[in-house]
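# Residue-level structure breakdown
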Amino acid sequence: MNENLTLVSNKSQPNELLMLLLENRGRYISGEKISKDFGISRTAVWKQINTLREWGYKIKSSSRLGYCIEESPDLLLPEEIWSSCDLSILGSEIYYYSLIDSTNNAAKKIAQEGAPEGTLVIAERQNRGRGRIERQWQSPLGGIWLSVILRPYLLPQDAPKLTIMTAVAVAEAIRSEIEIEADIKWPNDILIHGKKVCGILTEMSAELDAVNYVVIGVGINANNDSFSEELKDIAVSLKEVKGQKINRLKLLCAVLSKLEDYYEKAETEGFYEILERWKSLCVNLGKKVNIKSINGSFEGTAVDIDEFGALLVKKQDGDIARVLSGDVSLRQNED
Ligand code: BTN
């Protein structure tokens, strides 16, 4: 695998050769046709084929029949996404990195420079992946490390709803695509059998009354299977649960397509249905919980979330606390 591959790709100007071969996967396309269609010499075709081979594509070639993709590398390349995922808003531009510090950092910079709504930033590996509350996020090869740039017509106080929407999209995509019961732990962790398989970090640039852009960072432990000592009891990957490697591209497509559907729906119908789905997937509601927030810690029962995504916790004195940020844990032996 090429360790330094960086691609900035626009759906309207894809790598045409790769798109053609992917759309005809398993079938030969003659060198002559490629050279004629794209107006390049046969030598230029051959050079481009070799570049694809360097990226890890297994391409059969025959002087009589031409070229045929036998196998794609396990990379979330823009052309793979465009040829496999059915998307309209998301992925019009894709920034792809084999290695980056953090896709959220890159996405914020790109958004600041004017990247359009739906731009995706994807990395095979992050060396400074960031989690909530200034935590690090371990991001080795095999995971799905993704940031989505959105420019919603929302008030800043409504932006947490986008995190909720993303959590629902990821949990449902894991359920339908991988056939594993994924749950949501407030505010935005996706859990399988109580262990974290995905985290979401939403960051925003806003004026008082308008959002400039939102970056939704999604980290899914897909095929990465070795966690550090501190994480191994609380984190898990889909590969570990499933007992075999999962198809990252298919899962990514499912996540993006659900996210796009919900985003469009929210624009026309609001977030009501998304919140209801979130509640049905949430492991905290109705449970005794410990809340740790910047204002201190307390215990109570999680009774609901409100329309802004705040967790409503009934304290022992009967008061309802509205928790907007912090950590929630289920109380031992009480779940
Ligand atoms: C959490 O603490 O649960 C949130 C983790 C979010 C991790 C993802 S990985 C892709 C994106 N880039 C980052 O640096 N962080 C998010």
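Going by what an unreviewed UniProt entry lists, the protein is known as Bifunctional ligase/repressor BirA and is assigned to Tepidanaerobacter syntrophicus. Recorded under Sequence similarities (unreviewed entry), the UniProt text for the protein is reproduced unchanged: "Belongs to the biotin--protein ligase family."

## Quick look at the packing of helix α1 (residues 16–23) against helix α3 (residues 42–55)
A pair of packed helices is captured by two measures, namely the crossing angle of their axes and the spacing between those axes. One way to put it is that α1 packs onto α3 with a least axis distance of 10 Å and a crossing angle of 70°. With respect to α3, the axis of α1 lies roughly perpendicular. Contacts between α1 and α3 involve Leu17, Leu18 and Leu21 from the first element and Val45, Gln48, Ile49, Leu52 and Trp55 from the second. Residues of the contact of α1 with α3, tallied by class, amount to 7 nonpolar, 1 polar and no charged.

## Here we look at the domain arrangement of the protein
Its domain assignment divides the protein into domain 1 (11–71), domain 2 (78–281) and domain 3 (288–330). On a C-alpha basis, the centres of domain 1 and domain 2 stand 32 Å from each other. Domain 1 puts 8 residues into the contact, and the matching count from domain 2 is 7 residues. Each partner contributes to the roughly 720 Å² buried at the junction of domain 1 and domain 2, and carbon and sulfur atoms together form 59% of this total.

## Observations regarding unusual backbone geometry
Pro187 follows Trp186 through a cis peptide bond whose omega is 0°. Secondary-structure assignment places Pro187 in the loop between β7 (183–185) and β8 (189–192). With a phi angle near 60°, Glu179 is a residue other than glycine that sits in the positive phi range. Relative to the elements of secondary structure, Glu179 occurs in the loop between α6 (160–178) and β7. Although it is not a glycine, His193 sits at a positive phi angle of roughly 45°. Within the secondary structure, His193 is located in the loop between β8 and β9 (195–206).

## Focus on the site of the ligand
Close contacts around the ligand come from 19 residues, with Ser102, Gln126, Arg130, Arg132 and Lys196 the closest. Note that a nitrogen atom of the ligand is positioned 3.0 Å from one of the side-chain N or O atoms of Gln126. The separation between an oxygen atom of the ligand and a polar side-chain atom of Lys196 is 2.5 Å. Considering the ligand on its own, with 420 Å² of exposed area, one finds that the protein chains cover 99% of that surface. Applying the majority rule of atoms within 2 Å of the grid points places the ligand in the largest pocket. Mapped onto the shell around the ligand, the elements with two or more residues apiece are α5 (103–112), β6 (144–150), β9 and β10 (211–220). Among the residues forming the shell around the ligand, the class breakdown is 5 nonpolar, 10 polar and 4 charged.

Rules used throughout
- Residues numbered from 1 in each chain as written.
- Predicted model: local features only at pLDDT ≥ 70, side-chain atom pairs only at ≥ 80, totals over all residues.
- Heavy atoms only, no water.
- UniProt positions renumbered as here; feature names shortened; annotations may be inferred.
- Axes fitted to C-alpha atoms, helices over the stretch in contact; angles between N-to-C directions.
- Helix = DSSP H or I, 4+ residues; strand = E, 2+ residues; numbered from the N terminus.
- Parallel < 35°, antiparallel > 145°, perpendicular 65-115°, else oblique.
- Contact = heavy atoms within 4.5 Å.
- Nonpolar A, V, L, I, M, F, W, Y, C, P; charged D, E, K, R; others polar.
- Domains from an automatic or database assignment.
- Buried area = accessible area lost by both parts, 1.4 Å probe.
- Near = heavy atom within 4 Å.
- Polar contact = N/O pair within 3.5 Å; in protein donor to acceptor, adjacent residues only side chain to side chain.
- Areas by Shrake-Rupley, 256 points an atom, 1.4 Å probe, with all protein chains shown as cover.
- 1 Å grid on protein atoms, 1.4 Å probe; cavity = no way out; pocket = protein on both sides within 12 Å on 5 of 7 lines; lining within 4 Å.
- Sits in = over half its atoms within 2 Å of the grid points.

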